[in-house]
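A closer look at the structure
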Amino acid sequence: MMKALVLCYSVVVFTFFLSSITGYWAFGSHVQSNVLKSLMPDSGPALAPTWLLGVAVLFVLLQLLAIGLVYSQVAYEIMEKSSADATQDRFSRRNLVPRLLLRTLYLAFCALMAAMLPFFGDIVGVVGAIGFIPLDFVLPVLMYNMALAPPRQSPVFLANMAVMVVFAGVGAMGAFATIRKLALDADKFKLFSNNVVD
């Protein structure tokens, strides 16, 4: 388990921090929230080869599909708990048709919300700061300390506390920053607008 966690966090740190650090290094404070938008400006030539931008967009799509599958499982479970018949097979027509219908309607609703809100990046920032950072970085370490109860002076406990404090601070700063950005951008918001507020 520990090897898997180290590998998982190493890949996350390498991929996410590498792109954010190099994006800020290349574009400074003018980097957009989506680094690909900085590489593909509205005016002028693209700043990277077309094939590389295409591969990057494909990887972003794959990541969003994976994230959508993982984080939508809770909604699917809630919807299917009331619509499924436990006495019948999981793939019977009685259980399969409502499952496909509910999941399709849920995804259509999510797509409608994303298309309706041109400030979707701001909303994602708030959700990430308030929801994902605590769930991904603070809660697992807290649960580890509660479940295994390492001694309070051990390096493991101290490292876990440091991770919790650092990422709680990162989440709080992210929440304040994204809520501030939402407030500053509020006058530019128009539903179903092509002008994405960045």
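Residues numbered from 1 in each chain as written. Predicted model: local features only at pLDDT ≥ 70, side-chain atom pairs only at ≥ 80, totals over all residues. Heavy atoms only, no water.

**Things to note about the pattern of salt bridges**
Tallying each qualifying case throughout the model produces three salt bridges. Linking R103 and E80 is a salt bridge whose minimum nitrogen-to-oxygen distance equals 2.7 Å. Of this pair, R103 sits in helix α4 (residues 93–116) while E80 is found in helix α3 (residues 50–83), placing the two residues 23 residues apart along the sequence. Taking relative accessible area as the criterion, R103 reaches 26% and is therefore assigned partly exposed. Because the salt bridges share partners, they merge into one network encompassing E80, R99 and R103. (Salt bridge = Lys/Arg side-chain N within 4 Å of Asp/Glu carboxyl O. Helix = DSSP H or I, 4+ residues; strand = E, 2+ residues; numbered from the N terminus. Buried < 20%, exposed > 50% of the residue type's maximum accessible area, 1.4 Å probe, protein only.)

**Quick word on the packing of helix α5 (residues 120–148) against helix α6 (residues 155–185)**
Contact geometry for α5 and α6: axes closest at 8 Å, N-to-C directions at 170°. With respect to α6, the element α5 is oriented roughly antiparallel. Note that α5 runs across α6; the crossing there is left-handed. Broken down by class, the residue content of the contact of α5 with α6 amounts to 21 nonpolar, six polar and three charged. (Axes fitted to C-alpha atoms, helices over the stretch in contact; angles between N-to-C directions. Parallel < 35°, antiparallel > 145°, perpendicular 65-115°, else oblique. Left-handed = near helix turned anticlockwise from the far one by under 90°. Nonpolar A, V, L, I, M, F, W, Y, C, P; charged D, E, K, R; others polar.)

Nothing here speaks to function; it is all geometry.
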